[in-house]
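# Secondary and tertiary structure notes
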Amino acid sequence: MRISRVDERGGSRLNFIIVIAIIGVIAYVCYQVIPVLYNAYLFKDLMQRNVDAAAALGNPPKWVSDQLTKSAPEYGIPSDALITPSQQDNRVQVHVQFTKPIEFPGYTYTYEFDHTVKSTAFLTVK
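Scoring rules and cut-offs
- Residues numbered from 1 in each chain as written.
- Predicted model: local features only at pLDDT ≥ 70, side-chain atom pairs only at ≥ 80, totals over all residues.
- Heavy atoms only, no water.
- Helix = DSSP H or I, 4+ residues; strand = E, 2+ residues; numbered from the N terminus.
- Buried < 20%, exposed > 50% of the residue type's maximum accessible area, 1.4 Å probe, protein only.
- Contact = heavy atoms within 4.5 Å.
- Pairing = 2+ DSSP bridges.
- Axes fitted to C-alpha atoms, helices over the stretch in contact; angles between N-to-C directions.

### Thoughts on the overall build of the chain
The secondary structure content of the chain amounts to 2 helices and 3 strands. The helix and strand sequence of the chain, counted from the amino end, reads α-α-β-β-β. A burial count over the chain gives 25% of its 126 residues as buried. Of all intrachain contacts in the chain linking residues separated by at least 6 positions in sequence, the fraction that spans at least 24 positions is 56%.

### Remarks on unusual backbone geometry
Despite not being glycine, D89 shows a phi value in the positive range, around 55°. Inspection of the secondary structure assignment puts D89 in the loop between β1 (82–88) and β2 (91–104). Taking relative accessible area as the criterion, D89 reaches 73% and is therefore assigned exposed.

### Concerning the sheet that holds strand β3 (residues 107–118)
In space, the 3 strands of this open sheet follow the order β1-β2-β3, with antiparallel pairing throughout. Of all the strands in the sheet, the pair left with one neighbour each is β1 and β3. When strand polarity is set aside, the average angle formed by the axes of neighbouring strands in this sheet is 15°. Relative to β2, β1 runs antiparallel, the two sharing 7 bridges. By the bridge assignment for β2, Q88 is matched with R91. Helix α2 (residues 61–71) contacts β1 and β2 of the sheet and is inclined by roughly 155° relative to β1.

Now the structure itself:
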């Protein structure tokens, strides 16, 4: 007693192709997005280190802006990034804002970076 399953032939191949296509799309999106997010994370860390160094060494807020502008190409930061240093309550503060387009086939995602850091209070020079 054999049951013919002719109409089910190829079903697993189609499912396999669909799964591989979905995995491929996810891998491509990660390939495009992860480097941008990683560089933004590293740039946030650099911002914090620079404001802490400026506060500890007594450098003016302009020094932080100059250091970040010099380091921007290493982190993929666009040249039109808005870097605004300031000093409030004996603490150095810097605000960086920029947008970076991430291109996909048929769609362009605009990553918006808008981050502010302050130096820690115990490093300030009185």
